[in-house]
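The residues making up each chain are set out below.
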Amino acid sequence: MRDNAASEALRDRLHDANDELSIATMQLELLLEAGGLDASSVRSVRETLDACHAATAALREAWLVLGRSGQL
Amino acid sequence: MNAVPEPRVLLVDDEVRALALAERALVGGDIACRLAHSAEEALTWLRGSSQADVVVSDIRMPVTDGIEFLSRVRDEFAARRWLQIILVTGHATVDTAIAAIRLEASDYLVKPVEPVALRESVGHALKRAESLRRVERAKPDSSDAVALREFADVASELAGNLRHMARPGPAGEALAHTKANLATLELLRRLQGARQTIFGDAVMPEPAWEMIAELMRARLAGERLSVTSLALSSQSPATTALRRIEDLIQCGLATRTPDPVDRRRSYVELTPEGAKRMQVFLEGFARTVLG
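Residues numbered from 1 in each chain as written. Chains lettered and ligands numbered in written order. Predicted model: local features only at pLDDT ≥ 70, side-chain atom pairs only at ≥ 80, totals over all residues.

Trainee: Just checking my understanding: could you explain helix 10 (residues 238-250) of chain B for this structure?
Mentor: Each α-helix turn comprises 3.6 residues. Residues three or four places apart therefore point the same way. Residues and elements named next belong to chain B. For helix 10, built from 13 residues, the straight-helix expectation of 18 Å at 1.5 Å per residue is met to within 8% by its first-to-last C-alpha distance of 18 Å. Turning to helix 10, its buried residues number three or more, namely Ala241, Arg244, Ile245 and Leu248. Here the buried residues of helix 10 occupy an arc of 105° about the axis, which is enough to place them on one side. Helix 10 presents Thr239, Glu246 and Gln250 as exposed residues on the side facing more than 90 degrees away from its buried surface. On the buried face of helix 10, the contacting elements are helix 8 (207-221), helix 9 (227-233), strand 7 (254-258) and strand 8 (266-270). Looking one or two residues beyond helix 10, the residue adopting positive phi is Gly252, at roughly 80°. (Helix = DSSP H or I, 4+ residues; strand = E, 2+ residues; numbered from the N terminus. Expected span 1.5 Å × (residues − 1). Buried ≥ 20, exposed ≤ 12 C-beta atoms within 10 Å, placed from the backbone. Arc of directions from axis to C-beta. Contact = placed C-beta atoms within 7 Å.)

In structure tokens form, the structure reads like this:
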């Protein structure tokens, strides 16, 4: 029972982290779409986006480890 | 002074920043939105206005979550058959996928959602809503004669488009042909809507056909379709839809490619052979209609 409660709390935190990453990713995507950045800034934004995607992938791995049943 | 477009899209999320960013992404594509920070706020707006065509809702919200909210939308606004639902989730599970199918959601997006993916999904849902509203509007004087007239008009327009597509022309006309193809597919959708008006539930949608038409539309529009989106578009149970997708792949009409970013997701597209057969079918259909 305690394990379930801890897992549930962990799932919530993973959701929170993913929500924050989603906001960062969307901000960066919109920044790129808007244009007007110099080449070096574009490179930095792209690298940051790559880091966000890597963090998202890591979160998904954590989700899979946490609860294999019921996953799509 | 430019008139402010009426919002046809309702965005629902308790996270203020996510809501503002989604709005920015859609407004960038000339799609006006109404924002709601809770299910209750969204329901209040929907009760006061019937102009919403698409509801995009996050699943994870306090008090009333997205699934419960959208179930209430389907119950309370059952008469608005045109209303399209798009679910947004941080983590796809079997439960939420089943809920999406039960809610007849038109799409199911997993965060982080790219602005272009959001615009495509909402744009597609708006087109579907528009088609359904047209059928709905035809209903008040809906004798079979009216519906049949619409059926005939659409068939005639479809045939005209196909004639244009079949005409040989220089390579530079490829874009015009693509536009004609898209218009043709929109007409096919309208034709299916008219069919529903006349035959009602007696004629069930055929998932494989619905999916081939959707794959053709996506190909012409340059959109990518995930397995989940394609299954939802077939308007049939998930297991049936997934079986039909496998059938299409086995027959060499469609192919599946894994998403390099998200290993759990894969995209489906028509093979060149599938696209060619669709083209042959559309041309044959036009000839049949024209006699």
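Additional details are given in the paragraphs that follow.
Trainee: How do you make sense of unusual backbone geometry when you look at a structure like this?
Mentor: Apart from glycine, the bulk of residues carry a negative phi angle, and the bulk of peptide bonds sit in the trans form. All names here are of chain B. Along the chain, Lys111 connects to Pro112 via a cis peptide bond; the corresponding omega equals -5°. Along the polypeptide, Pro112 turns up in the loop between strand 5 (107-110) and helix 5 (115-138). Not every positive phi belongs to a glycine, and Asp30 is a case in point at roughly 60°. By the element assignment, Asp30 lies in the loop between helix 1 (16-27) and strand 2 (33-36). For Asp30, a count of 9 C-beta atoms within 10 Å translates into the label exposed.

Trainee: I'm lost on the nonpolar core in this one. Help?
Mentor: Looking at soluble globular proteins, one finds that nonpolar side chains tend to be buried together. All names here are of chain B. Formed by 62 residues in total, the largest nonpolar core has its most connected members in Val12, Val54, Val55, Val56, Ile86 and Leu215. A per-element tally of this core places helix 8 first, with 7 residues. Sequence-distant contacts of Val54, defined by excluding residues within four places in its chain, comprise Arg8, Val9, Gln84, Ile86, Val122, Ala125, Leu126 and Ala129. (Core = buried A, V, L, I, M, F, W, Y, C linked by C-beta atoms within 7 Å.)

Trainee: Is there a simple way to explain the sheet that holds strand 6 (residues 225-226) of chain B in this structure?
Mentor: What links the strands of a sheet is backbone hydrogen bonding, and the strands pair in either a parallel or an antiparallel sense. Residues and elements named next belong to chain B. Reading across the sheet, the 3 strands line up as 6-8-7 and stay open at both edges, with antiparallel pairing between neighbours. Where the open sheet ends on each side, the last strands, each with one partner, are strand 6 and strand 7. Relative to strand 8, strand 6 runs antiparallel, the two being bridged by 2 bridges. Paired with Ser226 across the two strands is Tyr267, which belongs to strand 8. Together, strand 6, strand 7 and strand 8 form the strand contacts of helix 8, whose direction differs from that of strand 8 by roughly 90°. (Pairing = 2+ DSSP bridges. Axes fitted to C-alpha atoms, helices over the stretch in contact; angles between N-to-C directions.)

Trainee: For this particular structure, what's the right way to read the interface of chain A and chain B?
Mentor: One frequently used descriptor of interface size is the decrease in accessible area upon assembly of the parts. Chain A puts 18 residues into the contact, and the matching count from chain B is 22 residues. Mapped by element, the contributors of at least two residues to the side of chain A that touches chain B are helix 1 (2-34) and helix 2 (39-66) of chain A. Per-element tally for the side of chain A that touches chain B: the top contributor is helix 1 of chain A, with 12 residues. Residue composition of the side of chain A that touches chain B, by class: 6 nonpolar, 9 polar and 3 charged. (Nonpolar A, V, L, I, M, F, W, Y, C, P; charged D, E, K, R; others polar.)

Trainee: What exactly am I supposed to notice about helix 2 of chain A here?
Mentor: Compared with an ideal rise of 1.5 Å per residue, which puts 28 residues at 40 Å, helix 2 of chain A spans 41 Å between its outermost C-alpha atoms and is within 8% of the ideal. Of all the positions in helix 2 of chain A, only A:Cys52, A:Thr56, A:Arg60 and A:Trp63 are classed as buried.

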